[in-house]
Amino acid sequence: MSAPSPAQLLDARKVIVCCGAGGVGKTTVSASLALAAARRGKRVLVVTIDPSKRLAEALGVDRNPPEPVALAADRLAKLGVQAPGSLSAWMLDPQLVSDTVVRERSRTPDEAERLLTNPIYRNVSAMIAGMQEYTAVEALHAFVGDDQYDLVVLDTPPSRNALRFLDAPDRVGAFLDRRIFNLFVPGEGGVIRRVASRLIEKVLDTTFGEDTRRDLQVFFELFSQILGHLNKNQHDMRAFFQSEAVSFLLVTSPAREAVTEAFFFEKKTREELGLHLGGYVLNRSLAWAADLPMPDTLRRPVDAPAALGRALGRLAPLAQAEAQLARTHADLASELRNRAGDHGFAWVLPRLPDGAGALEALIGLADALMTDGLAASPAGGPTTA
Ligand SMILES: Nc1ncnc2c1ncn2[C@@H]1O[C@H](COP(=O)(O)OP(=O)(O)OP(=O)(O)O)[C@@H](O)[C@H]1O
Ligand SMILES: [Mg+2]
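All of these numbers come straight from a predicted model, not from anything done at the bench.

**Q** Sorry if this is basic, but what is going on with the site of ligand 1 here?
**A** With respect to spatial proximity, 15 residues lie near ligand 1, and among them Gly23, Lys26, Thr27, Thr28 and Arg284 are the closest. Threonine 27 has a polar side-chain atom sitting 2.7 Å from an oxygen atom of ligand 1. Within the side chain of threonine 28, an N or O atom sits 2.4 Å from an oxygen atom of ligand 1. Considering ligand 1 on its own, with 630 Å² of exposed area, one finds that the protein chains cover 73% of that surface.

**Q** How do you make sense of helix α2 (residues 26-39) when you look at a structure like this?
**A** When the terminal C-alpha atoms of α2 are compared, their 20 Å separation across 14 residues agrees well with the 20 Å that a helix rising 1.5 Å per residue should span. In terms of residue burial, α2 counts as a mostly covered element, since twelve of its 14 residues are buried. Three or more residues of α2 are buried, namely Lys26, Thr27, Val29, Ser30, Ala31, Ser32, Leu33, Ala34, Leu35, Ala36, Ala37 and Ala38.

**Q** Where do I start with the sheet that holds strand β6 (residues 246-252) in this structure?
**A** Remark on secondary structure: sheet strands pair via backbone hydrogen bonds, oriented parallel or antiparallel. Ordered by their spatial adjacency, eight strands build an open sheet running β3-β4-β2-β5-β1-β6-β7-β8, and the pairing between neighbours is mixed. Both edges of this open sheet fall to β3 (69-70) and β8 (345-350), since each of them pairs with a single strand only. Sheet strands in contact with α2 are β1 (15-20), β2 (43-49), β4 (86-92), β5 (151-155), β6, β7 (277-285) and β8, and its direction is about 175 degrees off that of β2. Here helix α15 (residues 306-340) sits on the sheet in contact with β6, β7 and β8, set at roughly 175 degrees to β7.

**Q** I would appreciate a short explanation of the layout of surface pockets in the present structure.
**A** To find the voids left in a structure, one rolls a probe of water-molecule size over its atoms. There is about 620 Å³ of room inside the largest pocket. In terms of lining, the largest pocket is formed by 27 residues, of which the most central are Gly25, Thr28, Arg54, Asn283 and Arg284. Those elements giving two or more residues to the lining of the largest pocket turn out to be α2, α3 (53-59), β7 and α16 (358-370). At four residues, α16 tops the list of elements feeding residues into the lining of the largest pocket. Among the residues forming the lining of the largest pocket, the class breakdown is 13 nonpolar, eight polar and six charged.

**Q** Can you help me understand the nonpolar core in this one?
**A** Judged by nonpolar contacts, the single largest core of 44 residues is most densely connected at Leu33, Val44, Leu59, Leu71, Leu87, Leu249 and Trp347. By residue number, the principal contributor to this core is α2, which donates eight residues. Sequence-distant contacts of leucine 87, defined by excluding residues within four places in its chain, comprise Ala34, Leu35, Ala38, Val44, Val46, Val69, Ala70, Leu71 and Leu76. Counting 37 residues, the second largest nonpolar core, distinct from the first, contains Val101, Val144, Val246 and Leu282.

**Q** Teacher, can you tell me more about the packing of aromatic side chains here?
**A** How two aromatic rings sit relative to each other is set out by the distance from centre to centre and by the angle between their planes. Following the criterion strictly, the structure yields five aromatic pairs and no others. When the centroid spacing of 6.2 Å and the interplanar angle of 55 degrees are considered together, the rings of phenylalanine 241 and phenylalanine 248 count as tilted. When sorted by exposure, phenylalanine 241 lands in the same class as phenylalanine 248, which is buried. Where phenylalanine 345 meets tryptophan 347, the ring centres are 4.0 Å apart and the plane angle is 10 degrees; that geometry is what we call stacked. For the pair phenylalanine 345 and tryptophan 347, one class covers both residues: buried.

So, how was this worked out
Residues numbered from 1 in each chain as written. Chains lettered and ligands numbered in written order. Predicted model: local features only at pLDDT ≥ 70, side-chain atom pairs only at ≥ 80, totals over all residues. Heavy atoms only, no water. Near = heavy atom within 4 Å. Polar contact = N/O pair within 3.5 Å; in protein donor to acceptor, adjacent residues only side chain to side chain. Areas by Shrake-Rupley, 256 points an atom, 1.4 Å probe, with all protein chains shown as cover. Helix = DSSP H or I, 4+ residues; strand = E, 2+ residues; numbered from the N terminus. Expected span 1.5 Å × (residues − 1). Buried < 20%, exposed > 50% of the residue type's maximum accessible area, 1.4 Å probe, protein only. Pairing = 2+ DSSP bridges. Contact = heavy atoms within 4.5 Å. Axes fitted to C-alpha atoms, helices over the stretch in contact; angles between N-to-C directions. 1 Å grid on protein atoms, 1.4 Å probe; cavity = no way out; pocket = protein on both sides within 12 Å on 5 of 7 lines; lining within 4 Å. Points joined across faces, edges and corners; volume = space filled by probe spheres on them. Nonpolar A, V, L, I, M, F, W, Y, C, P; charged D, E, K, R; others polar. Core = buried A, V, L, I, M, F, W, Y, C linked by side-chain atoms within 4.5 Å. Phe/Tyr/Trp six-rings, centres within 6.5 Å; stacked < 30°, edge-to-face > 60°.

Below is the structure:
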């Protein structure tokens, strides 16, 4: 089997996960993939993390709703989606998601409030990111099970740890070692534990002050409840994400650091986590322009004014620099294609002109995807393979 086209991938998979370095366009590409699938008549859900206000407005949905929102009919018509195709979006803010998990999983509203206002909880951003990743995945697992959508596209946060929910099954538990919990969490326990706890309290009191020690204690006590729940579904989820139904896409920009990050994800997805790597998406690329004619090769009428010749002469260095960049991007696309292997792909999406509205951008990129993810110009002009 050769590498699938974007259309084939969108038709064959139930879940597509977009990973990659910060700012490369994961959220934009996720939304464009979802739109392309909806335009093919699929019922699609896109879960985005920290989407821009612009993108939310373009789709006509709020950020941070408690559940996915189906796009209104007039919006779908603008985006070129026709029945039976549909598009729902769930645009998540990490902090709010994390707070929701705390509310849902706490035993009482009072307990939830104590954790939410706990200074340690509010300051441990890594934990918040972890909870949010986990929640997105847990929700996604439920959606896939209930057959409401043909395809779910999942955006991930800008973090090397975006896939950490799939690390070792006991990863979440190991996150904060249970032995440490046990010492902090008040309650039953043998003499040794009580003495040890008191000792630790004393040390902490002297080091941080009593208030901080109490905050820590409350934090550990409440958070341990939540971790217990998170651990429960870990095995199921891991098995599901390793199945053929799920494809991971590595989004990158042409910047070297972003590409290096994508290679890091490649190693992690394939070797450590045993996930199905679909391929690469080279976003914001100028590769489509690699074969455009240079100004000095354009045919000019013999009677063209001398000023035109001079102007073109001045433009030449600029055009050469741009052409060089386009060639570098085209080479990078080939490198990614080789790396993706026989069954993988490297789709190339154009850099859209500055100032393109979010709606235009989505439509432009969805169109580019449907030209098989090969180099497509922003205006749908010349293409190169
Ligand atoms: N192909 C493109 N052409 C032009 N601009 C783009 C393109 N793709 C994305 N952008 C713009 O780049 C910015 C970052 O995109 P986006 O938010 O999708 O990246 P991200 O990888 O999700 O970022 P983060 O890592 O912060 O979540 C946005 O302003 C978006 O509109
Ligand atoms: Mg994003």
